[in-house]
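One-letter residues, chain by chain:
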Amino acid sequence: MIPATFDYRRADSVADALALLHEYGDEAKLLAGGHSLLPLMKLRLATPQMLVDVGRLGQLSYVRQEGDEVAIGALTRHRDLEVSEVARHSVPVLAHVAGQVGDPQVRHRGTIGGSIAHGDPASDLPAVVLALGGTLVVDGPGGRREIPSTEFFTGFLETAVRPDEMLVEIRVASTAGGWSFQKFNRRAQDWAIVGAVAVAAADGATRVSLVHMGATPLRAAATESALAGGATPAEAAAVAAEGLEPPSDANASREYRRHLAEVLVRRALEDVSLGHG
Amino acid sequence: MPGSLLGNSVRRVEDPRFLTGQGSYVGNLHFDGLAVAAFVRSPFAHARIDGIDVGEARKAPGVVAVYTAEDLELAPFHGFMVLNPACGRPPLATGKVRFVGDVVAMVVAETEAAAVDAAELVVVDYDPLEPAVDTEAAVADGAPLQFEELGTNVVMGMADPPGPDLFAGATTVVRAKLENQRVAVVPMEGDAVLAVPGDDRYDLTVYVSTQMPHGVARTVADTLGLDVGRLRVVAPDVGGGFGAKAGVGAEHLAVIAAARRLGRPVRWVQTRSENMVGMPHGRGQVQWVEMGFDADGRITGMHCRVLADAGAYAGFGGILAVGPTRMMAQGVYAIPAIRYDVAVAVTNTTPMGAFRGAGRPEAAEMLERMMDIAADEMGTDPVELRRRNLLPAFTEPYTTVMGTTYDTGDYARPLDEAIRLAGIEELRAEQASRRTRGDRWQLGIGVSVYVEITGGAGTGEFGAVEVHRDGSATIRVGTSAHGQGHATAFSMIVADTLGIPMERIRFVQSDTAAVPRGGGTGGSRSLQTGGSAVLRAAEQVLEKARALTAAELEASPEDIVVQDGGLGVAGVPSRVVSWGELAAIAEDRGVPNVGGGGKDAGGKNAGGKDAGGEGAGGGPLAAELDFDQGGATYPFGAHVSVVEVDMETGQVRPVRHIAVDDCGRILNPLLVTGQQHGGIAQGMAQALWEEMCYDADGNPITASLAEYAMPSAAEVPFYETANTETPTFRNPLGAKGIGESGTIGSTPAVHNAVVDALSHLGVRHVAMPCTPERVWRAMVAARQGGPEAAAGGRLLWSDPPAAFDRLPVTGQAPAAADVDI
Ligand SMILES: Cc1cc2nc3c(=O)[nH]c(=O)nc-3n(C[C@H](O)[C@H](O)[C@H](O)COP(=O)(O)OP(=O)(O)OC[C@H]3O[C@@H](n4cnc5c(N)ncnc54)[C@H](O)[C@@H]3O)c2cc1C
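Residues numbered from 1 in each chain as written. Chains lettered and ligands numbered in written order. Predicted model: local features only at pLDDT ≥ 70, side-chain atom pairs only at ≥ 80, totals over all residues.

Enquirer: Any details on the domain arrangement of chain A? Residues and values, ideally.
Expert: Residue and element names in this part refer to chain A. By the assigned domains, chain A splits into domain 1 (7-53), domain 2 (60-173) and domain 3 (179-273). Each partner contributes to the interface: domain 2 provides 24 residues, whereas domain 3 provides 23 residues. Where the side of domain 2 that touches domain 3 is concerned, the elements lending two or more residues are α5 (92-98), α8 (124-131) and β8 (153-155). Broken down by element, the side of domain 2 that touches domain 3 gets its largest block of residues, six residues, from α8. Class assignment for the residues of the side of domain 2 that touches domain 3 results in 14 nonpolar, eight polar and two charged. (Domains from an automatic or database assignment. Contact = placed C-beta atoms within 7 Å. Helix = DSSP H or I, 4+ residues; strand = E, 2+ residues; numbered from the N terminus. Nonpolar A, V, L, I, M, F, W, Y, C, P; charged D, E, K, R; others polar.)

Printed below as a string of structure tokens:
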């Protein structure tokens, strides 16, 4: 349980972090809350030679209302998001889900930026950002750029963030209408075996995303188009897993995951249509 | 004054230390010149070792030494009990590796980081062999052999002669194949050892996280050819054992050998990743059971064929199917005849050992599932079917058809009490209305009745009590508590007998330099054996003190009683000789000879020896002796469990668990309740969450706590615990063991509850652990009916492997099967 040897630098600013990433290239990794990266390092599944610690960049820890959007700093801890008045008021689904991540220890260390940049299909917050139609703001040598969440998750533990870039902000539309989060696991502290998020968006559409149903966090496209075509929650849920290839593991086979997706999406849609939120 | 403490919920004297972080474990001991060991482990379940290159590792920074089997030349060993003498394990693998995690080489370095880094530089040339992973596959014809020279993977086995027709008169015969899955033990502290070479008194001191320090000393001395008298073994605080810290491990022997070679202290503390594959696993039986019932629902007979997994190197856990599971096959029921055939097989998996209950949970689960399957088949109420078959209460020893002699029992009492506490009528009504409404969350109610063995194997235990000049006392005992609360319980006994306050009593255990011999703590033996020894020693001290007091006060010893602060003449509180004065008198003048060491009902004083200064000269006011209760005790009880099952997802939510456990006379209800709670959690975990799984190549796929679903407090309900008290005559405390009851009673109650919740769908069985997916599949299969329903459990039976037909027909278990764990 001892990681391989590595060097460690603490960044004082975003610019400093970017300079270090630039200097060390592929050998460097950003360290935020460390709750995804350090377990991998301790098992020696990840062996970065340089850790650039951004965990103390207080300027990236915020939840702000900006017009009809909410901006969240990448270094905001799950716990801070959970109790943020702004989040609870303007994007209650995000505050709620932040409170469902892991256990209290994880929520006090892990950050939303780390959770999203890690690109784990089993993580909760990426699915919420997808359902909210959010935007990810990254900073890098070429300056800041904005990436729509639908283009952000590119593969298993892979995202559109380049090695010399850093995720700095998450932007989502204020969405105070109906929402639902259905997380299915065997133990309270575990990642979801399958999760479903449904959000009634301002434009009247219902957006649905899924946790742990493929290589990336993803939107339930078939369900969304069924809903657009006037399907009932049960009808729309029946196609939740259409076109998806969820993993098989010790907790659940692919077949069972597909079944769970259907059940959870139906529950989420019923919940949303009851005006939960 | 006597009698004022026993039976009360006295707070644990151990807790302030632990709760304030002042415990001291192998991992935080400090020695000058300490070096640290790390192990190179096999990534293959079964492979030939064609070569090991340690060149780079030896050159790595901070490395002190790198050893392979060739360097240390340690003979194959058996860590606890010998299942098969031909299957000894070389501490460092020779020729072959036999499971993922098998130890191939050891690096000793100045720091843990240096050791772990260098271990990665050891290059092992493996030639993979086909593994036998699953127990049934291991006994199939043509299975890859772990020990080629044996010509079979069956390393122990015996069959009963056919005998009379077990099902004569039966109107119903139920058959089921039941799997009692392999579980990991996962104590909070893993394995740990620190070996310190010679000082002037000892050639070697070993600090080890063990339940049985004296056992470790014996095995280490035997295995390494050391003089046990020159070897000191100490168990400092131990963060849980649950049976997995019995005996000696490969890493222990390697670390000790390294320390001796290097002439410096060497330590190894197991990581969690190592723990999941390196510490012995428990359970792991497949049972084919047939049970006949007559028209009145009475059992006519039972045929069990039990296939036990021993893991690699014939791990001693395989013996448990031949020992305790067999001994307890009749359980609480009147079964006229039982045929029990058992085969134990080696597999290319982590060696098997003991886990809380060790063979008895497997027997209870087997019987209690069969009773529910039979009740379902016959359309009888499961509680009623049990009542019809329970053995009547007895206070004289009762010998079962398995040849097991129970001490005392009254099985209907805890069953009645558990049913009453559960309010089963209301629960059944609630279940019925949920079924009528077609609720998403359906209710299941499960019952179990069990009896088990504690303090068996007929081993005595050492206990000593000494009173000092300052009026305080010291207890020394050969048991080795690691969480159970012996310091509290045993101090209560001495305080109760002598009137010395608990806070003035020192408790010494777990150090072979301070305690001459001991059986350690396992098999729920400690209070009944060690506690009784301490009681007897305290009584002897009291006899001596009464004689001294009588002489001092010129009174008759018969009139001397315990008073506040010491001893005095009954009814004359002004004339008290304090314990400090008595100790001084004894040391200065000696103790008159009193008849200590006498026998009493049930208890034998094997080798009782007075340490007091008898005859000429002074000596300490003390007594030490061995107490042997001459036979095991048989605690029993009944559990009722209530679960909710989500009909859409198969998720199981345990909502209530009622446990009525009878452990004889209760000394401290707080300690008993604590044991019940921990036991229930682990038993419930087996029913619902935990299973150690391997893929077809023998790779463990649940080798971290992210995958191995050990529950937390968030998953389990509040427990409703109660007790009945049926004393045993075997020891003066009237006590039986409580350490494992919770585990034994809970698994089948929870399991039965899950199946009960689904029974209206036609589901008759779900394999453990009852994961959401398994429950869902059972429901799907039952709804579909037809041949697919097999997977859901309508088809409960498949023929046992042919290996059972080739077992030696002996009708009795080998001596090695007599265990106390
Ligand atoms: C026991 C346990 C249970 C958990 N349960 C859950 C759960 O139920 N649901 C869930 O969603 N998650 C769960 N997690 C994961 C947890 O939420 C993590 O904290 C989170 O996924 C990663 O955030 P972090 O800040 O810890 O990132 P780190 O571990 O520090 O980093 C993760 C990765 O992202 C990169 N990174 C971090 N920040 C940035 C950035 N700003 N820009 C670019 N790259 C960055 C790092 O270089 C690294 O590769 C659990 C974790 C643990 C240990």
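Enquirer: Explain the nonpolar core to me, and be specific about the residues and the numbers.
Expert: Within the largest apolar cluster, 282 residues are counted, with the highest numbers of intra-cluster contacts made by Val197 of chain A together with Ala37, Val107, Ala115, Val344 and Val754 of chain B. Sorting elements by how many residues they give to this core places helix α10 (residues 360-378) of chain B first, with nine residues. Those residues in contact with Val107 of chain B that sit more than four places away from it in its chain are Ala37, Ala38, Ala57, Val63, Val66, Ala115, Ala118 and Ala119 of chain B. Judged by nonpolar contacts, the second largest core, of 56 residues, contains Phe490, Ile500, Ile505 and Ile738 of chain B. (Core = buried A, V, L, I, M, F, W, Y, C linked by C-beta atoms within 7 Å. Buried ≥ 20, exposed ≤ 12 C-beta atoms within 10 Å, placed from the backbone.)

Enquirer: Could you give an account of the site of the ligand, naming the residues involved and the relevant values?
Expert: Residue and element names in this part refer to chain A. Taken together, 29 residues sit near the ligand, with Gly33, His35, Gly102, Gly110 and Gly114 positioned nearest. Listed by contribution, the elements that provide at least two residues to the shell around the ligand are β2 (28-31), α2 (37-42), α7 (112-118), α8 and β10 (166-173). With five residues, α7 is the single largest residue contributor to the shell around the ligand. Split by domain, the shell around the ligand shows at least three residues from each of two domains, domain 1 (7-53) and domain 2 (60-173). (Near = placed C-beta within 6 Å.)

Enquirer: Kindly report on the sheet that holds β2 of chain A, identifying the contributing residues and their values.
Expert: All names here are of chain A. Pairing within the open sheet is parallel, and its three strands lie in the order β1-β3-β2. Only two strands of the sheet have a single neighbouring strand rather than two, namely β1 (7-10) and β2. In this sheet, neighbouring strand axes are inclined to one another by 25° on average, regardless of whether the strands run parallel or antiparallel. As defined by bridge partners, β2 adjoins strand β3 (residues 50-53) across four bridges and the pair is classed as parallel. Each bridged residue has a counterpart across the sheet, and for Leu31 the counterpart in β3 is Asp53. (Pairing = 2+ DSSP bridges. Axes fitted to C-alpha atoms, helices over the stretch in contact; angles between N-to-C directions.)

Enquirer: Requested: an account of the sheet that holds strand β4 (residues 96-97) of chain B, with residues and values cited.
Expert: Residues and elements named next belong to chain B. One open sheet accounts for three strands, arranged β4-β2-β6; its pairing is antiparallel. In this open sheet, the two strands that pair with only one neighbour each are β4 and β6 (123-128). Pairing analysis gives six bridges linking strand β2 (residues 47-53) to β6, with the strands arranged antiparallel. From the neighbouring strand, Ala47 faces β6, where its bridge partner is Pro128.

Enquirer: So what about the interface of chain A and chain B? Which residues, and what values?
Expert: Chain A puts 15 residues into the contact, and the matching count from chain B is 21 residues. Residue contributions to the side of chain A that touches chain B peak at four residues, all from helix α12 (residues 254-273) of chain A. Looking at the side of chain A that touches chain B residue by residue, the classes come out as 10 nonpolar, three polar and two charged.

Enquirer: Which residues make up the domain arrangement of chain B, and what values go with them?
Expert: Residue and element names in this part refer to chain B. Domain parsing of chain B yields domain 1 (15-20 + 456-627), domain 2 (31-129 + 191-238 + 245-278) and domain 3 (282-454 + 632-809). The C-alpha-based centres of domain 1 and domain 2 are spaced at 40 Å. The interface is formed by 12 residues belonging to domain 1 together with 12 residues belonging to domain 2. Classifying every residue of the side of domain 1 that touches domain 2 gives one nonpolar, nine polar and two charged.

Enquirer: A description of the pairing of strand β10 (residues 204-208) of chain B should follow, citing residues and the corresponding values.
Expert: All names here are of chain B. Within β10, five of the five residues are buried, leaving the element largely enclosed by the surrounding structure. Neither face of β10 is open: one carries Leu204, Val206 and Val208, the other Thr205 and Tyr207, and all of them are buried. Sheet topology places strand β9 (residues 192-197) next to β10; five bridges connect them, and they run antiparallel. What sits directly across from Val193, in β10, is Val208. In this antiparallel pair of consecutive strands, β9 and β10, the connection spans six residues. Sheet analysis places β10 next to strand β11 (residues 231-234), joined by four bridges and oriented parallel. For Leu204, the partnering residue across the bridge sits in β11 and is Leu231. Remark: the β10/helix α6 (residues 213-224)/β11 crossover connection has right-handed handedness. (Right-handed = clockwise from strand over helix to strand, strands pointing away.)

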